[in-house]
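Here's the letter readout for the chains.
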Amino acid sequence: MGTSVAVCLVFIGCCSNVVFLELLVREFPGSGNIITFTQFLFIALEGLIFESNFGRKKPAIPIRNYVFMVTMFFAVSVINNYSLNFNIAMPLHMIFRSGSLIANMILGIIILKKRYSPSKYLSIGLISFGIFICTIMSAKQVNMASEGSEDQGVHAFMHWLVGIAMLTFALLMSARMGIFQETLYKEYGKHSKEALFYNGFLLLFSDIYNHGVLFSQTTPVAVPVVGLSVPIMWLYLLGNTITQYVCIRGVFILTTECTSLTVTLVVTLRKFLSLIFSILYFQNPFTTWHWVGTAVVFLGTLLYTEVWNSVRAALGRPDAKEKKAA
């Protein structure tokens, strides 16, 4: 499966996934664990049947490496979802996670001893500045939304800071996982479906069970083909799980075709499409300064891709052919 197909999977799957995720967390903000559990269970069952042949197929990459990667992947998924319990609005959640380019570059310099061009450092600086603007404005919104005594306002702000700390930790761990995958593929070859399967196991049974009960108590909706009525939150969860699988499958295919920094770039661009949709469709609060920060992040992303050079080269090709013909 080629790079272009993988990119399509990422954009279609991940953007649709954000819609279902927001529908879930708007109704039950603490549902992060059951969301993560269902996603991992679906991936594990699919991989058990089609990839590992019910455990009979020996993995190409040693299991000990997958244990390390599964731990990171599980932690990133749970922490990102659980951070929504700490006054983190969905748009800020998406903008902040767009800082994965920064985390990836920093860890690439430290761990892989990579060096980048001045334009790359400038693009990362712009992305960092844009995220900083959006974070500061979201902090002000938290303070303004806090009603009651000064102690309650401080508590709400500290609660929000915990969410920011969780997002920061998940950002760094996600970047570390990307670099780890890149080094594994260089050593053992590219095995995206196998990697996707072994990134699939879970915990936190009590919280998952409680939210399963809550989901079952929501408004039932008739499913046309099956002819059954299913609680609406279970349908949202099914949609979230399938689209997350499509998204992750696309990302894992990309990791076998491109470097971790390029994969991060594609995911970052996808997040901005999701962000715009979230703001417009769900009418999430978004100030002028949020738009300024978003524009700066997007500008930094475009600068990183060197899109201007690509456009210039594309426009210059016809001229070159004319000169040769003359």
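How each quantity is defined
Residues numbered from 1 in each chain as written. Predicted model: local features only at pLDDT ≥ 70, side-chain atom pairs only at ≥ 80, totals over all residues. Heavy atoms only, no water. Pairing = 2+ DSSP bridges. Helix = DSSP H or I, 4+ residues; strand = E, 2+ residues; numbered from the N terminus. Patch = residues over 30% accessible without salt bridge, like charges linked within 9 Å, V, L, I, M, F, W, Y side chains within 5 Å. Areas by Shrake-Rupley, 256 points an atom, 1.4 Å probe, with all protein chains shown as cover. Salt bridge = Lys/Arg side-chain N within 4 Å of Asp/Glu carboxyl O. Buried < 20%, exposed > 50% of the residue type's maximum accessible area, 1.4 Å probe, protein only. pLDDT = per-residue confidence, 0-100. Contact = heavy atoms within 4.5 Å. Core = buried A, V, L, I, M, F, W, Y, C linked by side-chain atoms within 4.5 Å. Axes fitted to C-alpha atoms, helices over the stretch in contact; angles between N-to-C directions. Parallel < 35°, antiparallel > 145°, perpendicular 65-115°, else oblique. Left-handed = near helix turned anticlockwise from the far one by under 90°. Nonpolar A, V, L, I, M, F, W, Y, C, P; charged D, E, K, R; others polar. Phe/Tyr/Trp six-rings, centres within 6.5 Å; stacked < 30°, edge-to-face > 60°.

**Remarks on the pairing of strand β1 (residues 220-223)**
The side chains of a regular strand alternate between the sheet's two faces.
Here's step 1: Inspection of the sheet shows β1 paired to strand β2 (residues 228-231) by four bridges, in the antiparallel sense. For Val221, the partnering residue across the bridge sits in β2 and is Val230.
Here's step 2: Between the end of β1 and the start of β2, which pair antiparallel, lie four residues, with Gly227 showing a positive phi angle near 80°.

**Describing a nonpolar patch on the surface**
Here's step 1: Taken together, the side chains of Phe42, Leu238 and Ile242 define a hydrophobic patch exposed on the protein surface, amounting to about 250 Å² of accessible area.
Here's step 2: Checked against the element boundaries, Phe42 lands in helix α2 (residues 32-50).
Here's step 3: The partly exposed category is assigned to Phe42, whose relative accessible area is 33%.

**Brief notes about the confidence of the model for the chain**
Here's step 1: Considering every residue of the chain, the mean pLDDT works out to 75; 75% of them sit at 70 or more.
Here's step 2: Predicted confidence is poor over residues 318-326, with pLDDT under 50, and the contacts of this stretch with residues over four places away or in other chains come to zero contacts.

**Focus on the nonpolar core**
Here's step 1: Core analysis: the largest hydrophobic core is formed by 36 residues, its most contacted members being Ile35, Ile127, Ile131, Phe215 and Leu275.
Here's step 2: Judged by nonpolar contacts, the second largest core, of 22 residues, contains Phe40, Met69, Phe73 and Phe252.

**Examining the environment of Ile248**
Here's step 1: Looking at the element boundaries, Ile248 is found in helix α10 (residues 232-257).
Here's step 2: Accessibility expressed as a relative area gives 7% for Ile248, which makes it buried.
Here's step 3: Placed 238 residues apart in sequence, Ile248 and Val10 show a C-alpha to C-alpha distance of 7.1 Å.

**So, the packing of helix α1 (residues 3-27) against α10**
Here's step 1: Running from N to C, α1 and α10 point in directions that differ by 150°, and their axes come no closer than 7 Å. In terms of orientation, α1 lies roughly antiparallel with respect to α10. Note on packing geometry: the crossing formed by α1 with α10 is left-handed.
Here's step 2: For the contact of α1 with α10, the per-class residue count stands at 17 nonpolar, nine polar and three charged.

**Describing the packing of aromatic side chains**
Here's step 1: Here the structure, examined in full by the defined rule, presents five aromatic pairs.
Here's step 2: Ring centres of Phe157 and Trp160 lie 5.7 Å apart, and the angle between their planes is 25°; this geometry places the pair in the stacked category. Residue Phe157 and its partner Trp160 are located together in helix α7 (residues 150-188), separated by three residues, close to a single helical turn.
Here's step 3: Judged by centre distance (5.6 Å) and plane angle (80°), the ring pair of Phe215 and Trp234 falls under edge-to-face. Taken together, the residues Phe215 in helix α9 (residues 205-216) and Trp234 in helix α10 connect sequence positions 19 residues apart.
Here's step 4: Within the aromatic cluster, the residues linked to one another by ring pairs are Phe28, Phe215 and Trp234.

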